[in-house]
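Structural characterization, general
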Amino acid sequence: MSAPALPPGITPLTAEEEAVMRALGRLMLVLPRALTTDLERDQRMSASEYSVLRNLSESRCGSMRMTELALACDMSLSGMTRLAAKLEAQGFLKRTKCDSDARGWNAVLTEQGLARLEEAWPTHLASVRRHIFDHLADLDLPTLAKALNAMAGDD
C-alpha cells in the first residue's frame, strides 16, 4: 500500500526526524512522571505542589494572583484553588483578598512554605540532573534551550 499524497510543500519526515519526534513524544510522557516520582518518594510532595511553592518563591514579594499562579503552573483555576487550599491547610501559603480587585485572591508564600521548598529543592535538583542534564553533556545547551522555547511558542 502506498502512502497518501501530501499537500505541496510538505515532505515526509526523514528517519532521523522521525526518531526525534518519537523520542520527544515519549519524553513528554515519561519525564514528568519520573520527576514527580522522585519528589513523591523522597519528599512526599507532588510536582504540582513543588511548582506552586517555587513560583511563589520567585515572584515579587512571594505573592501571586491565583489566576496568574494557575497559569504559571499550567493548572485550571479550580485545580489551583483545591491545591492552594491543601497547601494553606499545611501552612505553606495563605490566601488573601486582592487589594485592587474585590473578586480576586492572592496566594502568599509563608515562611513555612519557603522552608518546605528549600527542604525539597535538593531532591528536585538531583532528579533534574539525573533525568535530564546527565544525558545532555555533549550538547550546546543555549541552542537546545532556544529550540525548546521556540517549540513551546516562546520564541
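So, a few notes on the structure that sits alongside this text. (Residues numbered from 1 in each chain as written. Predicted model: local features only at pLDDT ≥ 70, side-chain atom pairs only at ≥ 80, totals over all residues. Heavy atoms only, no water.)

Structural notes on the pairing of strand 3 (residues 105-109)
Filter applied, for reference: To sort residues, take the accessible area from a 1.4 Å probe on protein chains only and compare it with the maximum for the residue type: under 20% means buried, over 50% means exposed, and anything in between is partly exposed. A helix here means a DSSP run of H or I that spans at least four residues, while a strand means a run of E at least two residues long, and both kinds are numbered starting from the N terminus. Whether two strands pair comes down to DSSP finding at least two bridges between them.
For strand 3, the tally of buried residues reaches four of five residues, placing the bulk of the element in the interior. Taken together, the three bridges between strand 1 (residues 63-65) and strand 3 define a ladder with antiparallel strand orientation. Note that in strand 3 the partner of Arg65 across the bridge is Asn106. Pairing of strand 2 (residues 93-97) with strand 3 involves five bridges; the strand directions are antiparallel. Across the sheet, Arg95 pairs through a bridge with Ala107, a residue of strand 3.

Notes on helix 5 (residues 111-131)
For an α-helix the count is 3.6 residues per turn, leaving residues at separations of three or four pointing the same way. Here is the rule we go by: Multiplying one less than the number of residues by 1.5 Å gives the expected span of a helix. Contact between two residues is taken to exist if any of their heavy atoms lie within 4.5 Å; hydrogens are not considered.
Its 21 residues place the ends of helix 5 30 Å apart at the C-alpha level, agreeing with the 30 Å of an ideal helix rising 1.5 Å per residue. Listed as buried for helix 5 are Gly113, Arg116, Leu117, Ala120, Thr123, His124, Ser127 and Val128. Looking at the buried residues of helix 5, the elements they touch are helix 1 (15-43), helix 2 (47-58) and strand 3.

Observations concerning the nonpolar core
Rules: Buried Ala, Val, Leu, Ile, Met, Phe, Trp, Tyr and Cys residues form a nonpolar core when they are joined through side-chain atoms within 4.5 Å.
The biggest cluster of nonpolar side chains holds 21 residues, and the ones touching the most others in it are Val52, Leu56, Leu69 and Met80. Among the secondary structure elements, those contributing two or more residues to this core are helix 2, helix 3 (66-72), helix 4 (77-89), strand 3 and helix 5. Sequence-distant contacts of Leu69, defined by excluding residues within four places in its chain, comprise Val52, Asn55, Leu56, Met64, Met80 and Ala107.

Observations regarding the environment of Arg33
Rules: Polar contacts, as counted here, are pairs of nitrogen or oxygen atoms within 3.5 Å of one another; within protein the pair requires one atom able to donate a hydrogen and one able to accept it, and residues that are adjacent in sequence qualify only if both atoms are side-chain atoms.
Summarising the element assignment, Arg33 is placed in helix 1. Assessed through its relative accessible area of 53%, Arg33 is described here as exposed. Put simply, Arg33 and Arg130 are 97 residues apart on the chain and 14 Å apart in space, counted from C-alpha to C-alpha. One polar contact links the side chain of Arg33 to the main-chain carbonyl oxygen of Leu29, over a distance of 3.3 Å.

Here's the deal with a nonpolar patch on the surface
We apply this condition: Patch construction takes residues with relative accessible area above 30% that form no salt bridge. Like charges are linked within 9 Å, and nonpolar side chains (Val, Leu, Ile, Met, Phe, Trp, Tyr) are linked within 5 Å. Residue exposure ignores everything except the shown protein chains as possible cover, and the areas themselves are Shrake-Rupley values with a 1.4 Å probe. Salt bridges are defined as contacts in which a side-chain nitrogen from Lys or Arg sits within 4 Å of a carboxyl oxygen from Asp or Glu.
Among the surface-exposed residues, Phe133, Leu139 and Leu141 lie close enough to one another that they form a single nonpolar patch of about 260 Å² accessible area. Within the element layout of this structure, Leu141 appears in helix 6 (residues 141-151).

Details of the environment of His131
With respect to the helices and strands, the residue His131 is situated in helix 5. Measuring from C-alpha to C-alpha, the distance between His131 and Leu31 comes to 7.3 Å, with 100 residues separating the pair along the chain. If sequence neighbours within four positions are ignored, His131 has contacts with Leu31, Ala34, Leu35 and Asp38. At 2.9 Å, the side chain of His131 forms a polar contact with the side chain of Asp38.

Keep in mind that these numbers describe shape and distance, not what the molecule does.
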